[in-house]
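Single-letter residue listing:
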Amino acid sequence: MWQQAAAKLSAMRDEELLRFKDGRLTVGDFMARWRAYRFPVDKSNRAACARSLNDQFSLVIRDIVLTREGRRQGLQKEPSVQKDKILWQDYYLAERVAAGAQENEISSLLTDLRGKKAVSVNEALLQKVELTDIPVIALRPGQYASRVTPPWPTCKKRTK
């Protein structure tokens, strides 16, 4: 079932899925964003699968619309938004390093961060942190479950 769907979507890659006032979203663009979210898909039956994909489609489109509106209003310049951006950038950078990313894949970010920030490790506090591999979601009444963290694309390995 998944192979057939992937083949059909691959053939439709350049088709317009959604049109905005100042742009469009193709099937290929949407699939790339959807993969970045790493949503779990309910594969228990066809109806549940369709329902989960529909909910996920809504979340991806909602994020696109909210991001465009935030940029239109200039919210990316707000100090609180900048602070959150730096927090998540650091989080995802640490995640990439922990996952074994080669420094050359992320060297410009690391170089930039080394120049801007002093790093110190509080070993006593670090020992108190409990880690879990349970994915965390945010629940809001009347809305779909959504990720607490924004999506981040995975890096493709370069071939020489």
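Preceding block: the structure.
Residues numbered from 1 in each chain as written. Predicted model: local features only at pLDDT ≥ 70, side-chain atom pairs only at ≥ 80, totals over all residues. Heavy atoms only, no water.

Peer 1: A description of helix α4 (residues 79-98) should follow, citing residues and the corresponding values.
Peer 2: Given a rise of 1.5 Å per residue, 20 residues ought to cover 28 Å, and the 28 Å separating the end C-alpha atoms of α4 matches this to within 8%. Looking only at α4, the buried set comprises Tyr92, Leu93 and Arg96. Looking straight down α4, one finds that the buried residues subtend no more than 105° of arc, so they occupy a single side. Opposite the buried face of α4, at more than 90 degrees from it, the exposed residues are Pro79, Lys83 and Ala98. Following α4 by one or two positions, glycine 100 adopts a phi angle in the positive range, close to 95°. (Helix = DSSP H or I, 4+ residues; strand = E, 2+ residues; numbered from the N terminus. Expected span 1.5 Å × (residues − 1). Buried < 20%, exposed > 50% of the residue type's maximum accessible area, 1.4 Å probe, protein only. Arc of directions from axis to C-beta.)

Peer 1: Any details on the environment of valine 65? Residues and values, ideally.
Peer 2: Structurally, valine 65 is set in helix α3 (residues 46-72). Expressed as a C-alpha distance, the spacing of valine 65 and phenylalanine 20, which sit 45 residues apart in the sequence, is 8.8 Å.

Peer 1: Any details on the side chain of serine 52? Residues and values, ideally.
Peer 2: Inspection of the secondary structure puts serine 52 in helix α3. Assessed through its relative accessible area of 12%, serine 52 is described here as buried. In this structure the side chain of serine 52 is engaged in a polar contact, spanning 3.3 Å, whose partner is the backbone nitrogen of aspartate 42. Ignoring any residue separated from it by four or fewer positions in sequence, one finds serine 52 in contact with Val41 and Asp42. (Polar contact = N/O pair within 3.5 Å; in protein donor to acceptor, adjacent residues only side chain to side chain. Contact = heavy atoms within 4.5 Å.)

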